[in-house]
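Summary of structural features
Each chain is listed here by its residues.
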Amino acid sequence: MSALPVPADATLPATTAQLFIDNEAVPAQTGQTLPVVDPSTGTVFGQIARGQRDDVDRAVRSARRAFDGPWGRTDAAQRGRLLLKLAQLVEREREPLARIESRDTGKPLRQARADATALARYFEFYGGAADKLHGQTLPYQEGYTVMTLREPHGVTGHIVPWNYPMQIFGRSVGASLAAGNACVVKPAEDACLSLLRIGELAAEAGLPPGTLNIVPGLGAEAGQALAEHPGVDHLSFTGSTDTGRRVAQAAAAHFCPVTLELGGKSPQLVFADADLQAAMPVLVNAIIQNAGQTCSAGSRILVERSIYDATVAQLAERFAALRAGPASADLDLGPLVTRKQQQRVWDFLSDAQASDLRFAAQGQIVDHAPSEGFYQAPVLLADVPIEHRLSQHEIFGPVLIVTPFDDEAQALAFANGTDYGLVAGVWTQDGARQMRIARRLQSGQVFINNYGAGGGVELPFGGVKHSGYGREKGFEALYAFTSLKTVAIRHG
Ligand code: NAD
């Protein structure tokens with residue numbers, strides 16, 4: 001039985017996607033389900049099993065059996081081969097995976113295709129890295145040899161949000177499997193179909209039963225149960241700052257190490273000597289990609305005053321030309337993921353109106369967009385004071401905030417002046433300033449004269465301050481998914 005309602009195109013049968021445990025599709029023990037809603041139309045097109053505490057427990061036990069059994073005995077080179085095979089299968093299934101994702105999340109098809117490509121690339125990167133992760137020998141006293149061993153934690157838990165299910169799954173599960181762990185994944189209740197299909201592909205690639213288990217369900221039920229489960233040895237959480245705090249507290253009760261990839265209010269600093277022509281499409285894309293529902297969205301632009309009016313005018317021209325519509329229409333933006341997310345953005349925009357903020361430009365929702373879809377036209381807000389709620393909080397929608405600054409010191413103070421610190425962009429031709437600012441920005445990543453670096457599978461990623469701690473992506477992630485053991489041998 002397939003885990004999925006086989007959504008290879010836009011007309012899906014209304015069947016139930018099951019949990020994926022021990023390489024098998026199984027119903028939730030309670031038999032309960034949750035609806036799957038198409039954000040482009042607001043209609044229900046399927047059901048997913050509603051995993052709960054008992055299902056999570058079953059998945060963790062299955063992962064433990066795999067770790068103590070066949071998967072734990074699989075050597076690093078073979079783990080790498082299996083991940084490379086999985087990368088090939090994802091490439092083979094790129095189009096149906098993209099269509100599932102696009103229907104489930106509302107993201108335009110080409111963005112969903114890019115996510116599927118990135119997913120394959122994560123498995124390829126970590127497949128190649130699996131047998132290159134090793135400990136060291138250390139100088140110590142005469143008569144000793146001391147070495148470090150990099151060992152998998154055992155069972156790792158992965159709590160995934162709805163905005164980039166495939167990419168976030170790839171970066172965290174790919175690294176964890178490469179390091180030799182067995183995984184239990186809790187996808188977001190609003191977007192889990194693509195991940196259930198990837199579970200099937202992992203089984204087809206040859207991962208032993210229990211190596212990768214996927215339990216969809218509500219955050220407060222399946223998510224909380226996974227965070228609290230004493231059989232989980234490491235937890236990766238990607239999601240909002242408030243939930244991250246709860247998850248870290250639950251994990252702390254059983255001393256489970258956690259990687260927290262949380263929210264952001266990422267600034268781009270544009271100095272008077274910037275190449276504005278090069279910057280402009282990047283500044284716009286950094287906020288409209290995935291309809292602004294991106295943790296690293298460039299959601300604030302800080303502009304040196306002497307070029308402020310010209311920059312806002314150019315941004316406004318581009319914003320007015322942007323189009324939002326159904327995911328299948330593949331426009332600049334799709335709908336937001338849920339009615340709840342749409343309401344959240346509306347609340348921020350009502351606040352902007354109540355505060356008399358300047359709406360410098362707005363894009364369009366196309367006429368043929370279904371009226372029940374969760375659409376929001378992109379909005380450009382100018383002259384927003386740094387202390388305003390819209391400058392301080394993550395909106396998670398296509399709303400760009402622009403604020404002028406007078407000098408480098410003020411630009412830095414504004415950039416660092418929120419609780420977050422995930423990503424920052426700096427646009428200037430002055431090499432000394434580039435380095436000065438890169439060092440002083442409180443941010444996990446800094447991009448100079450570019451932003452986002454095309455997804456950056458190879459580039460360590462993570463936040464400071466309320467954006468979280470720990471790093472995923474790149475080789476660095478492998479360290480988080482292992483623990484270091486020191487072995488000291490006295491041989492005289
Ligand atoms: P969310 O925190 O509501 O949910 C994320 C995941 O946590 C979901 O799977 C959800 O079911 C689960 N969850 C909810 N409550 C839980 C609980 N009590 N215990 C355990 N799990 C629980 O976040 P969201 O709305 O799905 O995603 C948007 C947020 O994620 C934004 O703040 C965004 O910035 C952040 N995000 C961060 C990154 C990053 O890498 N830093 C990437 C993507 C998204």
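This section reports on the structure supplied with the text.

Pairing in this open sheet of 7 strands is mixed, and the strands run E16-E18-E19-E14-E13-E20-E21 from one edge to the other. The two strands at the open ends of the sheet, each matched to only one other strand, are strand E16 (358-362) and strand E21 (445-448). Within this sheet the neighbouring strands show an average axis-to-axis angle of 20°, counted without direction. Here strand E20 (residues 423-427) pairs with E21 via 4 bridges, running parallel. Along E21, the bridge assignment pairs Ala424 with Val446.

Around the ligand sit 29 residues in total, of which Arg171, Glu189, Ser240, Leu262 and Glu394 are the nearest. Lys186 places a polar side-chain atom, nitrogen or oxygen, 2.7 Å from an oxygen atom of the ligand. In the environment of the ligand, a nitrogen atom lies 2.8 Å from a nitrogen or oxygen atom belonging to the side chain of Gln224. When the free accessible area of the ligand is taken as 840 Å², the share hidden by the protein chains comes to 90%. Those elements that provide at least two residues to the shell around the ligand are helix H5 (165-178), helix H7 (219-228), strand E11 (234-238) and helix H8 (241-252). Of the residues in the shell around the ligand, the class split is 14 nonpolar, 9 polar and 6 charged. Looking at which domains feed residues into the shell around the ligand, each of domain 1 (16-262 + 470-486) and domain 2 (267-457) supplies at least three.

Here the structure, examined in full by the defined rule, presents 7 aromatic pairs. Measuring from ring centre to ring centre gives 6.0 Å for Phe447 and Tyr451, while their planes differ by 55°; the resulting arrangement is tilted. Cation over ring: Lys107 sits above Tyr164, and NZ or CZ is 4.0 Å from the ring centre. Geometry around Phe461 places Lys473 over its ring, the cationic atom sitting 4.6 Å from the centre.

The next subject is the pairing of strand E9 (residues 182-186). With 5 of its 5 residues buried, E9 lies for the most part within the structure. Residues Ala182, Val184 and Lys186 of E9 are buried on one face, and the alternating residues Cys183 and Val185, pointing to the opposite face, are buried as well. The pairing of strand E8 (residues 155-159) with E9 spans 5 bridges and is classified as parallel. Following the sheet pairing, Gly157 is matched in E9 by Val184. A crossover connection joins E9 to the parallel strand E10 (residues 212-214) through helix H6 (residues 193-205); in handedness this β-α-β unit is right-handed.

Within the secondary structure, Thr156 is located in strand E8. Once residues lying within four places of it in the same chain are set aside, the contact partners of Thr156 are Ser176, Asn181, Ala182, Cys183, Val184, Val232, His234 and Phe481.

Attention now goes to the pattern of salt bridges. Side chains that carry opposite charge are capable of pairing whenever their charged atoms lie near each other. For the structure on display, the rule yields 28 salt bridges. The shortest N-O distance in the salt bridge between Glu372 and Arg339 comes to 3.5 Å. Here the residue Glu372 occupies a position in the loop between strand E17 (364-365) and strand E18 (379-382), and Arg339 occupies one in helix H11 (residues 339-354), the gap between them amounting to 33 residues. On the accessibility criterion, Glu372 (46% relative accessible area) is partly exposed. Assessed through its relative accessible area of 39%, Arg339 is described here as partly exposed. By sharing partners, the salt bridges in this structure join Arg92, Glu93, Arg197, Glu200 and Glu204 into a single network.

All right, on to helix H9 (residues 276-288) then. Helix length check: H9, at 13 residues, gives a terminal C-alpha distance of 18 Å against a target of 18 Å (1.5 Å per residue), a fit within 8%. Every buried residue of H9 is listed here: Leu276, Ala279, Met280, Leu283, Val284, Ala286, Ile287 and Ile288. The inward-facing, buried residues of H9 contact strand E13 (266-270), strand E14 (298-304), helix H10 (308-320), strand E19 (399-405) and E20. Directly beyond the C-terminal end of H9, a positive phi value near 55° is found at Asn290.

Each value, and the rule that gives it
Residues numbered from 1 in each chain as written. Predicted model: local features only at pLDDT ≥ 70, side-chain atom pairs only at ≥ 80, totals over all residues. Heavy atoms only, no water. Pairing = 2+ DSSP bridges. Helix = DSSP H or I, 4+ residues; strand = E, 2+ residues; numbered from the N terminus. Axes fitted to C-alpha atoms, helices over the stretch in contact; angles between N-to-C directions. Near = heavy atom within 4 Å. Polar contact = N/O pair within 3.5 Å; in protein donor to acceptor, adjacent residues only side chain to side chain. Areas by Shrake-Rupley, 256 points an atom, 1.4 Å probe, with all protein chains shown as cover. Nonpolar A, V, L, I, M, F, W, Y, C, P; charged D, E, K, R; others polar. Domains from an automatic or database assignment. Phe/Tyr/Trp six-rings, centres within 6.5 Å; stacked < 30°, edge-to-face > 60°. Lys NZ or Arg CZ within 6 Å of the ring centre and 35° of its normal. Buried < 20%, exposed > 50% of the residue type's maximum accessible area, 1.4 Å probe, protein only. Right-handed = clockwise from strand over helix to strand, strands pointing away. Contact = heavy atoms within 4.5 Å. Salt bridge = Lys/Arg side-chain N within 4 Å of Asp/Glu carboxyl O. Expected span 1.5 Å × (residues − 1).

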